[in-house]
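Summary of the model geometry
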Amino acid sequence: MELHPQIIDLEASLAEEWLSPELMSALRAENLRSDLTEKRGIVVQQIKAQIVGYLRSGSFNSRRIADIVNYIRLNESDFVEWHQSDIAKLFVTPNFHNEKKASGYFF
C-alpha cells in the first residue's frame, strides 16, 4: 500500500509521455474487470514490468517502452484510444520527399 502513490505517479508519467492518458485509463479499468484482450493484456504486462523495473532501478527502460509503443502502433484496431490521442501524433513518422524548384532540387 505504501508504494501505491508512487505507482500511480509512474503510470501517469508513462501515460503522459508514451501511452496516452486515454489508453492508460482504459487498460486500468479493463485490468480491474479482468476483461483484457490478449494484445491489451500483453501491453499491461509490459507496463507492469516497466513499473517494477523503475521501482528497482530508478529509471524506465526507454528501449522497452519504445517497443510497447511500436506494438501499439502496429495493432491499431486493438488500441483505438492511443491512435486517437494527442500522444500518437508525437510518434508519426515524417514523410520526407524532394521538392523540385524551377532552378533545381531541395535536399
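The preceding data block contains the structure.
Counting starts from 1 at the beginning of each chain's written sequence and moves along it residue by residue. Selection of residues for local features in this predicted model requires a pLDDT of at least 70, selection of side-chain atom pairs for listing and counting requires 80 or more, and totals for whole chains, interfaces and linings are taken over all residues. Computation of side-chain values covers all heavy atoms of the structure but excludes hydrogens and water.

Moving on: the pattern of salt bridges. Whenever a carboxyl oxygen of Asp or Glu lies within 4 Å of a side-chain nitrogen of Lys or Arg, that contact is scored as a salt bridge. As enumerated under the stated definition, the model contains six salt bridges in all. Among the salt bridges present, the one from D35 reaches R33, with a minimum N-O distance of 3.2 Å. The class for D35 is partly exposed, based on a relative accessible area of 38%. Note that R40 and E81 form a salt bridge whose closest N and O atoms lie 3.0 Å from each other. Of the two residues, R40 sits in helix 3 (residues 38-57) while E81 sits in helix 5 (residues 80-83), which places them 41 residues apart along the sequence. Salt bridges here are not isolated pairs; linked through shared partners, they connect E30, R40 and E81. The buried label goes to any residue with under 20% of its type's maximum accessible area, the exposed label to any with over 50%, and the partly exposed label to all in between, with areas taken from a 1.4 Å probe on protein chains only. Every helix listed is a DSSP run of H or I at least four residues long, and every strand listed is a run of E at least two residues long, numbered separately from the N terminus.

This paragraph deals with the nonpolar core. Side chains of nonpolar character tend, in soluble globular proteins, to be buried together. In terms of nonpolar packing, the biggest core is built from 20 residues, with L14, L19, V43, I47, I72 and W82 touching the most fellow members. For this core, the secondary-structure elements that each account for two or more residues are helix 1 (4-19), helix 2 (21-33), helix 3, helix 4 (62-74) and helix 6 (86-89). Of the residues forming this core, the biggest block, five residues, is contributed by helix 1. Contacts of L14, omitting those with residues within four sequence positions, involve L19, M24, I47, Q50, I51, F60 and I65. Nonpolar cores are built from buried Ala, Val, Leu, Ile, Met, Phe, Trp, Tyr and Cys residues. Side-chain atoms within 4.5 Å join them into one set. Contact definition: two residues touch when any of their heavy atoms are within 4.5 Å.

Turning next to the side chain of S85. Of note, S85 is situated in the loop between helix 5 and helix 6. Residue S85 is classed as buried on the basis of its relative accessible area of 2%. In this structure, S85 is in contact with S20 and E22, ignoring residues within four places of it in sequence.

Here we come to helix 4. In this model helix 4 runs 18 Å from its N-terminal to its C-terminal C-alpha over 13 residues, within 8% of the 18 Å that 1.5 Å per residue would give. Of the residues making up helix 4, those classed as buried are I65, I68, V69 and I72. An end-on view of helix 4 places all buried positions within 95 degrees of arc, on one side of the element. Exposed and facing more than 90 degrees away from the buried side of helix 4 are R63 and L74. At its buried positions, helix 4 is contacted by helix 1, helix 2, helix 3 and helix 5. We define a polar contact as two N or O atoms separated by no more than 3.5 Å, with the added condition that, inside protein, one atom must be a possible hydrogen donor and the other a possible acceptor, whereas residues neighbouring each other in sequence contribute only through side-chain atom pairs. The backbone nitrogen of R63 has a side-chain oxygen 3.1 Å away, supplied by the residue at the start of helix 4, namely N61. In a helix, the anticipated span is given by 1.5 Å times the number of residues less one. Here the arc refers to the directions that run from the helix axis out to each C-beta atom.

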